[in-house]
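Here's the letter readout for the chains.
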Amino acid sequence: MSESGYTFVPLTGEIRPGEPTDFRFAVTGPGGRNVTGFEVRHDKRLHLIVASRDLTTFQHVHPEMSADGVWTVKLTLPAAGAYRAFADFAPAGGPALTLGADVFVAGGYTPRPLPAASRTTTVDGYTVELAGDLVPGRSSRLALKVTKAGEPVTDLQPYLGAYGHLVALRGGDLAYLHVHPEGAPGDGVTKAGPEIVFYAEAPSGGDYRLFLDFQHQGQVRTAAFTVHAGPSAAQPAPSTTPSGKPGSTPSAGEGDHADQGEHAH
Ligand SMILES: [Cu+2]
């Protein structure tokens, strides 16, 4: 939640499940004061990502800042449990940062396993197919192909200066990956679908959850995938317990990709 002298400070107390709440926060700078000067990146001064700890819900929203540097956005967190909010911004004259803070919603909580890894997911009648692999320690190309009713979608609309926005979070600790799109609308090269191409670097092996925001026919939707970076999770660790102990059986995700978050604006 702190880096380079900047701190992400949530100001909202209790949040109840399913109730729209004004989520308020500030970013304080090296002097301890609220920062009010931000660079515009991808059309906005600050991008706020909120994911449930189990990575089954995701929202990408754009809060408004008051003159005193307090940001506010209406959030509805669907169920009790732990969430992580990420503020992605660059203070004027400062470094680009992504700072995270935990947000809790009171009530009984049943954690769900990470949905099973898959190269295809669906959202609102769109199918999104992933080509390419996350590779620990180096940048790799990921292409996401959008189709609807079997037909490639070739008229994606620019959203925040790109045909798609991809957020990748590591399953174990919600580490936030920086992902760069290839090309931009209007550059004379980048097509409006069906493929959206990104470069992403996984800092380690393990499971990651990818969330793709794309806009078509005036509506933004989020497609979510679980992907594994590095050697298969099913591989036994070298030289561990000599006998007996059957590994846990991670029969995760019963075809569970109906977890697309809402994209509030
Ligand atoms: Cu954003």
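Residues numbered from 1 in each chain as written. Predicted model: local features only at pLDDT ≥ 70, side-chain atom pairs only at ≥ 80, totals over all residues. Heavy atoms only, no water.

Asker: Please give an account of the sheet that holds strand β6 (residues 64-65) that cites residues and values.
Answerer: Spatially, β1-β2-β3-β7-β6 is the arrangement adopted by the five strands of the open sheet, whose pairing is antiparallel. Two strands in the sheet have a free side with no partner beyond their single neighbour: β1 (2-3) and β6. Here four bridges tie strand β2 (residues 6-10) to strand β3 (residues 21-28), and the two strands are oriented antiparallel to one another. Along β3, the bridge assignment pairs Pro10 with Phe25. (Pairing = 2+ DSSP bridges. Helix = DSSP H or I, 4+ residues; strand = E, 2+ residues; numbered from the N terminus.)

Asker: Tell me what's going on with the packing of aromatic side chains, and back it up with residues and numbers.
Answerer: A complete count under the given rule lists eight aromatic pairs for this structure. Ring centres of Phe8 and Phe25 lie 5.2 Å apart, and the angle between their planes is 90 degrees; on these two criteria the pair is classed as edge-to-face. On the criterion of sequence distance, the pair formed by Phe8 in strand β2 and Phe25 in strand β3 is long-range, its members being 17 residues apart. Assigned by exposure class, Phe8 and Phe25 land together as buried. Taken together, a centroid distance of 5.8 Å and an interplanar angle of 35 degrees make the contact between Phe23 and Phe25 tilted. Taken together through their ring pairs, the aromatic side chains of Phe8, Phe23, Phe25, Phe38, Trp71 and Phe89 make up a single cluster. (Phe/Tyr/Trp six-rings, centres within 6.5 Å; stacked < 30°, edge-to-face > 60°. Buried < 20%, exposed > 50% of the residue type's maximum accessible area, 1.4 Å probe, protein only.)

Asker: Requested: an account of unusual backbone geometry, with residues and values cited.
Answerer: For the bond running from Gly193 to Pro194, omega is 5 degrees, close enough to zero to count as cis. Mapped onto the secondary structure, Pro194 falls in the loop between β16 (179-181) and β17 (195-201). One non-glycine residue, His42, lies in positive phi territory at about 50 degrees. Relative to the helices and strands, His42 resides in the loop between β3 and β4 (46-52). With a relative accessible area of 41%, His42 lands in the partly exposed category. At Gln217, a position not held by glycine, the phi torsion is positive, near 50 degrees. By the element assignment, Gln217 lies in the loop between β18 (206-216) and β19 (219-229). Relative accessible area serves as the criterion here: at 57%, Gln217 is assigned to the exposed category.

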